[in-house]
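Observations on the three-dimensional arrangement
Take a look at the letters that make up each chain.
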Amino acid sequence: MSIPTSRTEEMATVTIDQIKCNGCGKCVTVCSDYGFKIINGKAVRSEEPLFGCLACGHCMAVCPENAIDVTGRCLTPDDLFPFTEPSVKPDYNSLLQLFQARRSMRKFKDQPVSREIIDLILAAAQTAPMGVPPSDVNVVVLQGKEKVRQFSSDFCSMLDKNRWLVSRWITALMTLFYDRKTVRFFKKFMRPLFDIYIGSMKKGIDLVTYDAPVAFYFYGSPYCDPADPIVAATYAMTAAESLGLGSCMLGAIHPFLQSGFGVKEFRSKYNIRFKSREGLVLIVGYPKVKYARGVRRSFANIDFI
Ligand SMILES: Cc1cc2nc3c(=O)[nH]c(=O)nc-3n(C[C@H](O)[C@H](O)[C@H](O)COP(=O)(O)O)c2cc1C
């Protein structure tokens with residue numbers, strides 16, 4: 001057994017072709033599991049790996065002689081592919097331009113996003129790093145404006161059943177058990193949020209997913225690093241921007257999909273397999289707004305130590 005994920009608990013199997021191996025030791029260098037050593041000029045498996053092979057694939061990818069096969073934990077040698085020409089590698093300036101021009105988009109043209117484009121976004125997002133391979137990120141794709149709106153409408157109905165959570169008596173009770181900041185957060189953000197989402201949906205205005213033509217919900221499993229779905233969503237957002245689409249991350253949905261009245265039914269309707277510590281919805285569509293200028297952003301702190 002290796003580190004368990006929702007997809008597999010087993011260790012992967014590593015085979016080294018002793019005839020092909022030239023003893024260069026690159027596999028020893030890249031294996032974070034300390035799974036290789038060189039004996040008599042050839043790579044062999046070490047007897048004391050840290051966890052057992054996680055199938056990150058680094059040893060296969062680095063081997064100049066193609067002498068290593070890793071099979072298991074959702075990886076096979078067939079998952080190796082050649083790199084494209086280095087001339088197409090994006091440089092820092094083009095990436096920075098993409099990042100700087102991006103704005104959270106909440107207004108979309110009434111134009112569908114094709115399945116082909118959705119697949120391109122998913123293909124890019126699947127290259128995202130993850131805490132432990134194989135990725136434990138799950139994605140629900142809501143394809144089409146109607147399905148996205150239905151999701152928001154169901155979400156608001158579910159929120160309505162849990163409105164008591166932000167009622168005055170609950171926040172009064174909270175003051176006994178929680179610090180002031182948490183209570184303030186409930187009063188100043190959570191309560192108005194419930195009111196805004198539910199109230200506007202009742203008037204036919206979708207302020208949850210903004211009538212986007214596509215929404216992706218990235219969520220993890222109970223095993224995965226909580227950051228995994230967030231990293232994948234960030235890759236998806238960048239990919240969407242590179243394809244000329246507008247996008248917006250929506251953090252306010254995931255926390256309400258964990259527990260409460262009607263939540264289990266909601267998860268079941270949308271095939272959401274797990275509760276998870278973190279998750280993020282990403283809406284995507286053709287932007288209705290074109291910004292004339294960028295907006296400078298900054299971190300709260302950058303401390304060079
Ligand atoms: C993690 C995360 C969660 C967010 N959640 C929401 C949300 O629930 N609803 C919303 O309208 N915007 C949401 N946003 C968008 C931000 O409000 C937006 O990034 C912010 O307004 C800054 O604008 P910019 O992205 O154009 O720089 C979220 C953004 C991030 C990164």
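Fair warning: this is a prediction, and the values are worked out from it, not measured in the lab. (Residues numbered from 1 in each chain as written. Predicted model: local features only at pLDDT ≥ 70, side-chain atom pairs only at ≥ 80, totals over all residues. Heavy atoms only, no water.)

Domain boundaries assigned for the protein yield domain 1 (13–79) and domain 2 (96–285). Spacing between the C-alpha centres of domain 1 and domain 2 amounts to 39 Å. (Domains from an automatic or database assignment.)

Taken N-terminus to C-terminus, the directions of helix α6 (residues 168–177) and helix α7 (residues 180–202) make an angle of 160°; their axes are 9 Å apart at the nearest point. Relative to α7, the element α6 is oriented roughly antiparallel. Both α6 and α7 take part in a crossing whose hand is right-handed. Contacts from Arg 168, Thr 171, Met 174 and Thr 175 in α6 reach Thr 182, Val 183, Phe 186, Lys 187 and Arg 191 in α7. Partitioned by chemical class, the residues of the contact of α6 with α7 number three nonpolar, three polar and three charged. (Axes fitted to C-alpha atoms, helices over the stretch in contact; angles between N-to-C directions. Helix = DSSP H or I, 4+ residues; strand = E, 2+ residues; numbered from the N terminus. Parallel < 35°, antiparallel > 145°, perpendicular 65-115°, else oblique. Left-handed = near helix turned anticlockwise from the far one by under 90°. Contact = heavy atoms within 4.5 Å. Nonpolar A, V, L, I, M, F, W, Y, C, P; charged D, E, K, R; others polar.)

The next subject is the side chain of Asn 162. Looking at the secondary structure, you find Asn 162 in the loop between α5 (145–161) and α6. Here Asn 162 falls in the buried class, since its relative accessible area comes to 5%. Each residue touching Asn 162, except ones within four places of it in the same chain, is listed here: Phe 194, Gly 260 and Phe 261. (Buried < 20%, exposed > 50% of the residue type's maximum accessible area, 1.4 Å probe, protein only.)

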